[in-house]
Amino acid sequence: MRISIAAALGLTAVTVISNAVKVNPLPAPVTAIWGNTGPIKVANNFRIVGPKHEILSKAFARTASLIKEERWIPQTWEQPVGEFLPFPTLEKGTFESFTSSNRDVLRTIDVQVENIEADLQMGVDESYILDITVAGKGTINAKTIWGALHGLNTLTQIIIDDGNHGLQIEEPVHIEDAPKYTHRGILYDTARNFYPLKSLMKQIDALSWAKLNIFHWHITDAQSWPLEIKKHPQMTKGAYSPREIYTQRDIMNLIEYGRERGVRVIPEIDMPGHSTSGWLQVDEKAVTCYDSWWGNDGWTHHTAVEPNPGQLDISYDGTYTLIKDVYSEAANLFTDNIFHVGSDELQTYCFNYSASAMNWFKERPDSTYADFAQYYLDKALPIYMDKPERRLMMWEDIVLSPDMPARNVPKDIIMQSWSSGTDNIKKLAERGYDVVVSSADFFYLDCGNGGWVTNDPRYNVNEPPVLPKVIKDAFANNPSDYYLASNNYLGSGASWCDPYKTWQRIYAYDFTEGLTGEEAKKVIGGEAALWSEQADASVVENKVWPRAAALAELFWSGNRNKEGYK
């Protein structure tokens, strides 16, 4: 194989990892074979050419413009352990010996796509092969447009400034690349805080550069309803303000913006939990416990995990009429075959505020909350399954909730797992569900910033609490990885999912640990989540990046090298 690749590139020698190469494409390609014959000069006016297609034409222009304007100079790069070589001074003439007349200049990147009609949907081929030869020939070959876009993004990372007002690729290179997982993304919550459309588009830019292909849009929640529904225009009275609304034109523009960059926009309308604003403006009877005190003194009496409380009253027939109106209109807006319908964190006590729900149980004295959840599914699923190619996505609670799981959840529904790490991933996979991993202990980007609910007495502590001697002695006599902490002293600071998830924590997650080979195949990818109780457009970049790039590599080429080491 190496001989054939070397011949194709025109190399005198090849190496899988070249210590002379400073660029480090991210996520790491599955296979990258670098030469060692010196830099390839790239013409300042180089062009990218390929099939005539609107998405590709825009991508060619965008890629060339980015490379020419950025003129990237690597600031840090990997070196063999124990070697600390100084950064070479890129002085005028440094690479003159490599750009003499006997070496061609790269002037054109030729992009070839085998199937130009393949749609941007789950499972589409995203592979590509990128070749830069010693003779100055550049090609990207892909099965689909979407693989070609990834190849172009890799190209932006390997063309760098040559220190002499020019551009270069450090060595000839052959890259064969494809993702390990089909679903790789970030959840953005625009209901707890509103994000202007431009900030969301900027995030899509970053997703595409990192080869993340999913923009999971958690667009509504109990706190606000910013989504325009033309059949019920009063729903946006549940938005924070008339200026903090996503019109249907906004949504179509964002979907198209993502599509041009190979990023799928998957919507989530969280139902039947987390449902107050918007719904309430149409039919008060469709929402229960919205006027309750959300956090009673005992956890069993909570009506919500945070303010505002409110859930759809799934015993009321009018609720399903409203669900159909909203879902049908939203489903026609979003082009992806996957639609996320929530189904998490249902609080059973909330239904005590509904006379209709209490009557439902009186009429069915042997029924449990699991039966109640199944009643909802049986009535809602025919609404959600609006076309043959539709796949639903739900939070794992609909299957694994200790309080209100449904009894018979179809196996073709994708489960998003957020709690209990690999234990819940395994429970879902062994039951036959496809799983998207979002384990809070690893992938929740909002964690580690303290609590946000006001009037929290846990902060009103000026000195560390006195530790009982028996506990102190127990720690002293039993050394372990655990340590003494309280809320304000080495503790969580009232963040339920503390600590802050560093990029190392994200990258190190072995989310298939303990799964059989067949169970591991049920994991189709993962998402990091930025819940926005304490985030908005002013901080989103620092909250998401660069940590999301660690997630990108984890699900693209994995966190282990060919020898099995992280």
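Given the structure is predicted, the values throughout are model-derived calculations rather than measurements.

Asker: Please give an account of the overall build of the chain that cites residues and values.
Answerer: If you tally the helices and strands in the chain, you get 17 helices and 19 strands. Relative to the globule expectation of 24 Å for 566 residues, the C-alpha radius of gyration of the chain, 27 Å, shows essentially globular dimensions. Overall, the chain is about 90 × 65 × 45 Å in size when its C-alpha atoms are taken along their principal axes. Going through the 566 residues of the chain one by one, you find that 55% of them count as buried. Sequence separation of 24 or more characterises 75% of the internal contacts of the chain that already satisfy a separation of 6 or more. A total of about 25900 Å² of accessible surface is found on the chain, and carbon and sulfur atoms cover 52% of it.

Asker: A description of the pattern of salt bridges should follow, citing residues and the corresponding values.
Answerer: The full count for this structure, using the stated rule, is 27 salt bridges. When the shortest N-O distance is used, the salt bridge between Asp205 and Arg261 registers 2.9 Å. With Asp205 in helix α4 (residues 197-209) and Arg261 in the loop between α5 (248-259) and β12 (264-271), the pair connects residues that are 56 residues apart, well separated along the chain. Connected via shared salt-bridge partners are Glu54, Lys58, Asp205, Glu260 and Arg261.

Asker: Got a sec to walk through unusual backbone geometry? Specific residues and values, please.
Answerer: Of the consecutive residues Leu26 and Pro27, the connecting peptide bond is found in the cis state with omega at 0°. Along the chain, the position of Pro27 falls in the loop between β1 (14-15) and β2 (31-35). Note that the residue after Met271, namely Pro272, is joined by a cis bond; omega there is -10°. As for its position among the elements, Pro272 is in the loop between β12 and α6 (279-282). The backbone phi angle of Ser420 is positive, close to 60°, even though this residue is not glycine.

Asker: Describe the packing of aromatic side chains, listing the residues and the values that go with them.
Answerer: Summed over all chains, the structure comprises 29 aromatic pairs. Ring centres of Phe442 and Tyr509 lie 3.6 Å apart, and the angle between their planes is 5°; this geometry places the pair in the stacked category. Of this pair, Phe442 sits in helix α12 (residues 440-443) while Tyr509 sits in the loop between α14 (503-507) and α15 (517-520), placing them 67 residues apart in sequence. Residues Phe442 and Tyr509 agree in their burial class; the two are buried. The rings of Tyr188, Phe194, Phe215, Trp217, Tyr246, Tyr327, Phe334, Phe339 and Tyr384 are connected pair by pair, giving a single aromatic cluster. The ring of Phe46 is capped by Lys68, whose NZ or CZ atom sits 4.9 Å from the centre of that ring.

Asker: I'd like to hear about the sheet that holds strand β19 (residues 523-530), residue by residue, with values.
Answerer: Strand order in the closed barrel formed by 8 strands is β10-β11-β12-β15-β16-β17-β18-β19, and the pairing between neighbours is parallel. Each neighbouring strand pair of the sheet contributes to a mean axis angle of 30°, computed without reference to strand direction. Looking at chain direction, strand β17 (residues 414-417) and strand β18 (residues 435-437) are connected through 3 bridges and run parallel. What sits directly across from Ser417, in β18, is Val437. Along the sheet, helix α7 (residues 317-333) makes contact with β12, β15 (338-342) and β16 (391-395), crossing β15 at roughly 150°. Relative to β16, helix α9 (residues 369-384) is tilted by about 140°, and along the sheet it contacts β12, β15 and β16.

Asker: How would you summarise the nonpolar core if you had to cite specific residues and measurements?
Answerer: Core analysis: the largest hydrophobic core is formed by 99 residues, its most contacted members being Phe215, Trp217, Ile269, Trp279, Tyr384, Phe443 and Trp545. Listed in part, the 40 residues of the second largest apolar core include Ile67, Leu120, Leu152 and Ile160.

Asker: Could you give an account of the confidence of the model for the chain, naming the residues involved and the relevant values?
Answerer: Looking at the chain as a whole, the pLDDT averages 92, with 92% of positions reaching at least 70. Every residue in residues 11-15 scores below 50 in pLDDT, and together they form 16 contacts with partners more than four places removed in sequence or on other chains. Under a pLDDT of 50 for its full length, residues 91-102 has, in the predicted model, 14 contacts with residues more than four places off or in other chains.

Asker: Tell me what's going on with the environment of Val282, and back it up with residues and numbers.
Answerer: Counting through the fold element by element, Val282 comes out in helix α6. Each C-alpha atom of the pair Val282 and Lys237 lies 9.8 Å from the other, and the pair is 45 residues apart in sequence. Ignoring sequence-local partners within four residues, the contact set of Val282 consists of His232, Gln234, Met235 and Leu322.

Asker: Can you tell me about the packing of α4 against α5, naming the residues and giving the values?
Answerer: With their axes 10 Å apart at the nearest point, α4 and α5 run at an angle of 15° to one another. It follows that α4 is roughly parallel to α5 by the angle criterion. Like other packed secondary-structure pairs, α4 and α5 cross with a definite hand, here right-handed. Only Asp250, Asn253, Leu254, Tyr257 and Gly258 of α5 make contact with α4, whose side of the interface consists of Leu197, Leu200, Met201, Ile204 and Asp205. Considering only residue class, the contact of α4 with α5 consists of 6 nonpolar, 2 polar and 2 charged.

Asker: How would you explain the state of the cysteines if you had to name every residue and give the values?
Answerer: Applying the stated criterion to the full structure yields 2 disulfides. Sulfur-sulfur distance for the disulfide between Cys447 and Cys497 comes to 2.0 Å. Taking the sign of the S-S torsion, -105° for the link of Cys447 and Cys497, the bridge is left-handed. Note that Cys447 is positioned in the loop between α12 and α13 (469-477) and Cys497 in the loop between α13 and α14, a separation of 50 residues in sequence. With relative accessibility at 0%, the residue Cys447 sits in the buried group. For Cys497, a relative accessible area of 4% gives the class buried. If you count the bonded cysteines of the chain from the N-terminus, they pair up as 1-2, 3-4.

Asker: Run through helix α8 (residues 355-363), naming residues and quoting values.
Answerer: Residues Ala357, Trp360 and Phe361 constitute the buried set of α8. Projection of α8 onto a plane perpendicular to its axis shows the buried side chains occupying an angular sector of 90°, all on one side. Among the exposed residues of α8, those pointing more than 90 degrees away from its buried face are Ala355, Lys362 and Glu363. Where α8 is buried, its residues meet α9.

Asker: Lay out the side chain of Glu519 with the relevant residues and their values.
Answerer: Within the secondary structure, Glu519 sits in helix α15. The class of Glu519 is buried, set by a relative accessible area of 11%. Polar side-chain contacts of Glu519 include one of 2.9 Å to the backbone nitrogen of Thr516. Contact partners of Glu519, with chain neighbours within four places excluded, come to Lys426, Ala429, Glu430 and Gly514.

The rules behind these values
Residues numbered from 1 in each chain as written. Predicted model: local features only at pLDDT ≥ 70, side-chain atom pairs only at ≥ 80, totals over all residues. Heavy atoms only, no water. Helix = DSSP H or I, 4+ residues; strand = E, 2+ residues; numbered from the N terminus. Rg over C-alpha atoms; globule rule 2.2 N^0.38 Å. Buried < 20%, exposed > 50% of the residue type's maximum accessible area, 1.4 Å probe, protein only. Contact = heavy atoms within 4.5 Å. Areas by Shrake-Rupley, 256 points an atom, 1.4 Å probe, with all protein chains shown as cover. Salt bridge = Lys/Arg side-chain N within 4 Å of Asp/Glu carboxyl O. Phe/Tyr/Trp six-rings, centres within 6.5 Å; stacked < 30°, edge-to-face > 60°. Lys NZ or Arg CZ within 6 Å of the ring centre and 35° of its normal. Pairing = 2+ DSSP bridges. Axes fitted to C-alpha atoms, helices over the stretch in contact; angles between N-to-C directions. Core = buried A, V, L, I, M, F, W, Y, C linked by side-chain atoms within 4.5 Å. pLDDT = per-residue confidence, 0-100. Parallel < 35°, antiparallel > 145°, perpendicular 65-115°, else oblique. Left-handed = near helix turned anticlockwise from the far one by under 90°. Nonpolar A, V, L, I, M, F, W, Y, C, P; charged D, E, K, R; others polar. Disulfide = S-S within 2.5 Å. Arc of directions from axis to C-beta. Polar contact = N/O pair within 3.5 Å; in protein donor to acceptor, adjacent residues only side chain to side chain.

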